[in-house]
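Observations on the model geometry
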Amino acid sequence: MESKRKLVFVCGGSDCKKAGSKILNKEIARELKSSELKGQCKLIKTKCMDFCKSAPVVIVGEFVCKKANLEKVTQQLKKS
């Protein structure tokens with residue numbers, strides 16, 4: 001069964017944390033609550049995803065955002 005909610009995975013590994021994934025996770029959560037994407041996405045914090053040299057990493061659906069920031073993630077959410 002296919003979900004209507006978009007899945008957003010934020011890496012919580014040590015390299016991603018050092019690169020700011022904790023802050024990015026909070027920014028994405030705030031954006032998802034206040035924008036037109038409210039109720040359409042599920043934010044999931046994960047363990048290391050093995051993209052350490054590209055930290056922080058966020059996966060939106062099937063797209064991998066390397067060296068992610070709020071703008072990249074938001075753009076990808078609106079595309080998918």
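Note: the structure precedes this text.
The following refers to the structure shown. (Residues numbered from 1 in each chain as written. Predicted model: local features only at pLDDT ≥ 70, side-chain atom pairs only at ≥ 80, totals over all residues. Heavy atoms only, no water.)

Some details on the sheet that holds strand E4 (residues 63–65)
Spatially, four strands are ordered E2-E1-E3-E4 in an open sheet, and the strand pairing comes out mixed. Each edge of the open sheet carries a strand with a single partner, namely strand E2 (41–46) and E4. Within the sheet, the average angular offset between the axes of one strand and its neighbour, ignoring direction, is 20 degrees. Inspection of the sheet shows strand E1 (residues 6–11) paired to strand E3 (residues 58–60) by three bridges, in the antiparallel sense. In the sheet register, Phe 9 faces E3, and the bridge partner there is Ile 59. The strands that helix H2 (residues 21–34) touches are E1, E2 and E3; relative to E2, the one it contacts most, it runs at about 165 degrees. Sheet contacts for helix H3 (residues 70–79): E1, E2, E3 and E4; angle to E3, the most-contacted strand, approximately 15 degrees. (Pairing = 2+ DSSP bridges. Helix = DSSP H or I, 4+ residues; strand = E, 2+ residues; numbered from the N terminus. Axes fitted to C-alpha atoms, helices over the stretch in contact; angles between N-to-C directions. Contact = heavy atoms within 4.5 Å.)

Some remarks on H2
Between its first and last C-alpha atoms H2 spans 20 Å; for 14 residues at 1.5 Å apiece the expected length is 20 Å, and the two agree. Where H2 is concerned, the buried positions are Ser 21, Leu 24, Asn 25, Ile 28 and Leu 32. Around the axis of H2, the buried residues are gathered within 105 degrees of arc, so they sit on the same side. Seen from the buried face of H2, the exposed residues on the opposite side, beyond 90 degrees, are Lys 22, Ile 23, Lys 26, Arg 30, Lys 33 and Ser 34. Against E1, helix H1 (14–18), E2, E3 and H3 lie the buried residues of H2. (Expected span 1.5 Å × (residues − 1). Buried < 20%, exposed > 50% of the residue type's maximum accessible area, 1.4 Å probe, protein only. Arc of directions from axis to C-beta.)

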